[in-house]
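Structure at a glance
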Amino acid sequence: MQDNKRVILCTRPISKALVQEAATQGIIIEELSFIDTHPVLTEVITDRIREIAGETRTVIFTSMNAVDAVTTVVTAPVHWNIYCIGNTTKKLILEKLPTARIVATGESAARLAERLVDDGVKEAVFFCGNIRRDELPNKLRSEGGMVEEVIVYETQERPTVLTKEYDAVLFFSPSAVNSFFSTNKIPKQTEVFAIGKTTAEAIRQYLNKRIIVAHVTGKEELVQRAIAHFTGVNR
């Protein structure tokens, strides 16, 4: 790479502060999204969110997109018991739903489902996207639980053909993984990073090599993990 700097491809937007921090350590981060997401807030869905907001319910979030969509509608304090995936999603919930109680977080949908079962949850609302993975609702239903899925956002793949090679590629969701590999391959020398185990599993469907997973499931944590990998500074 030019000037012996490392160049990383980040498959979703990140904060300017992280990009600048990486640059001070000789790492260039380029951002290119492979998916588009947008809320689905029809009158029917909006009315249902408002109904749930007035109830004491067990609620599941597995993405920031779902939190953003729901909190567009929910403006009053809620009394939900929340299970979620990822540190970034947890932070957003704490910011936008401060009266809710976060019961547990999980590093993957499968682990979160196990926690719900262990806690004896028999009924839950799952705010999700149109291409959500099956592990969590299937696990709960197989144990006799009831899961109401409320689709609050849609994801569309946006494949792009890469014209250069990178020292590393960072992935943040299975849908972005599928979109990326529909038009690209990973060179042998390129390092691959995943935000969590679910995303890593998606990558393994296309790739047989080491995948470096963030110690904590979060967007910033994954970027910091990549910076630490190339600078040799433990985080």
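Overview of the structure. Quick caveat, the model's predicted, so the values are computed rather than measured. (Residues numbered from 1 in each chain as written. Predicted model: local features only at pLDDT ≥ 70, side-chain atom pairs only at ≥ 80, totals over all residues. Heavy atoms only, no water.)

**A closer look at the overall build of the protein chain**
Keep this limit in mind: Each helix is a run of H or I in the DSSP string that is no shorter than four residues. Each strand is a run of E no shorter than two, and both are numbered from the N terminus. To get the radius of gyration, use the C-alpha atoms; to get the globule rule, take the number of residues to the power 0.38 and multiply by 2.2 Å. Think of it in three bands: with a 1.4 Å probe and only protein chains considered, a residue is buried below 20% of the maximum accessible area for its type, exposed above 50%, and partly exposed in between. Contact between two residues is taken to exist if any of their heavy atoms lie within 4.5 Å; hydrogens are not considered. Using a 1.4 Å probe, the Shrake-Rupley method yields the accessible areas, and only the shown protein chains count as cover for residues. When charges are tallied, Lys and Arg are placed among the positive residues and Asp and Glu among the negative ones, while His and the ends of the chain are skipped. Working definition for charges: the position is that of NZ of Lys, CZ of Arg, CG of Asp or CD of Glu.
When its secondary structure is counted, the protein chain shows nine helices and eleven strands. Expected size for 235 residues packed as a compact globule is a radius of gyration near 18 Å; at 19 Å, the protein chain falls within 12% of this value. Along the three orthogonal principal directions, the C-alpha set of the protein chain runs to about 60 × 35 × 35 Å. Counting over 235 residues, the protein chain shows a buried share of 49%. Sequence separation of 24 or more characterises 55% of the internal contacts of the protein chain that already satisfy a separation of 6 or more. Carbon together with sulfur atoms contributes 46% to the accessible area of the protein chain, which is approximately 11,800 Å² in total. Where the 29 positive side-chain charges of the protein chain centre and where its 29 negative ones centre are 5 Å apart.

**A few points about the pattern of salt bridges**
Heads up, the rule is: In what follows, salt bridge is the name for a side-chain nitrogen of Lys or Arg lying within 4 Å of a carboxyl oxygen of Asp or Glu.
Counted by the stated rule, this structure contains 19 salt bridges. Its salt-bridge partner being Arg57, residue Glu55 comes within 2.7 Å of it at the nearest N-O pair. Judged by its relative accessible area of 31%, Glu55 is partly exposed. For Glu143, the salt bridge goes to Lys139, with nearest N and O atoms at 3.5 Å. For Glu143, a relative accessible area of 39% puts it in the partly exposed group. Linked through salt bridges whose partners overlap, the residues forming this network are Glu107, Arg111, Glu114 and Lys197.

**So, the nonpolar core**
For clarity, the cut-off: Nonpolar cores are built from buried Ala, Val, Leu, Ile, Met, Phe, Trp, Tyr and Cys residues. Side-chain atoms within 4.5 Å join them into one set.
Counting 27 residues, the largest nonpolar core has Phe61, Trp80, Ile82, Leu97, Phe127 and Val152 as the members making the most contacts within it. The greatest single-element share of this core, amounting to six residues, is contributed by helix 3 (residues 64-73). Here Leu97 is in contact with Phe61, Thr71, Val74, Val78, Trp80, Ile82 and Leu92, once residues within four sequence places are set aside. Among the nonpolar cores identified, the runner-up in size contains 19 residues, and Ile14, Phe172, Val223 and Phe230 belong to it.

**Focus: the packing of helix 4 (residues 87-96) against helix 9 (residues 219-231)**
Note the threshold: What counts as an axis is a line fitted to C-alpha atoms, over the stretch in contact for a helix, and the angles between N-to-C directions run from 0 to 180 degrees. Residues are grouped as follows: Ala, Val, Leu, Ile, Met, Phe, Trp, Tyr, Cys and Pro are nonpolar; Asp, Glu, Lys and Arg are charged; all remaining types, including Gly, are polar.
Between helix 4 and helix 9, the least distance of the axes is 6 Å, while the angle of their chain directions is 145°. Judged by residue contacts, Asn87, Thr88 and Lys91 of helix 4 engage Lys219, Glu220 and Glu221 from helix 9. For the contact of helix 4 with helix 9, the residue count by class is no nonpolar, two polar and four charged.

**Let's talk about the packing of aromatic side chains**
Applied cut-off: Geometry of aromatic contacts follows a simple scheme: Phe, Tyr and Trp rings, the Trp one being its six-membered ring, pair when their centres are within 6.5 Å, and the pair is stacked under 30 degrees between planes, edge-to-face over 60, tilted otherwise. Geometrically, a lysine NZ or arginine CZ counts as sitting over a ring once it is within 6 Å of the ring centre and also within 35 degrees of the ring normal.
Applying the stated rule across the entire model yields eight aromatic pairs. Consider the rings of Phe61 and Phe127, whose centres lie 5.5 Å apart with planes at 25°: the pair is stacked. Of this pair, Phe61 sits in strand 4 (residues 58-61) while Phe127 sits in strand 7 (residues 123-129); the two residues are 66 residues apart in sequence, bridging distant segments of the chain. The class of Phe127 is buried, set by a relative accessible area of 0%. For the ring pair Phe171 and Phe180, a centre distance of 5.0 Å and an interplane angle of 85° mean the geometry is edge-to-face. For Phe180, a relative accessible area of 0% gives the class buried. Members of the aromatic cluster, each reached through a chain of ring pairs, are Phe34, Phe171, Phe180, Phe181 and Tyr206. The ring of Phe172 has Arg12 lying over it, and the distance from NZ or CZ to the ring centre is 5.9 Å.

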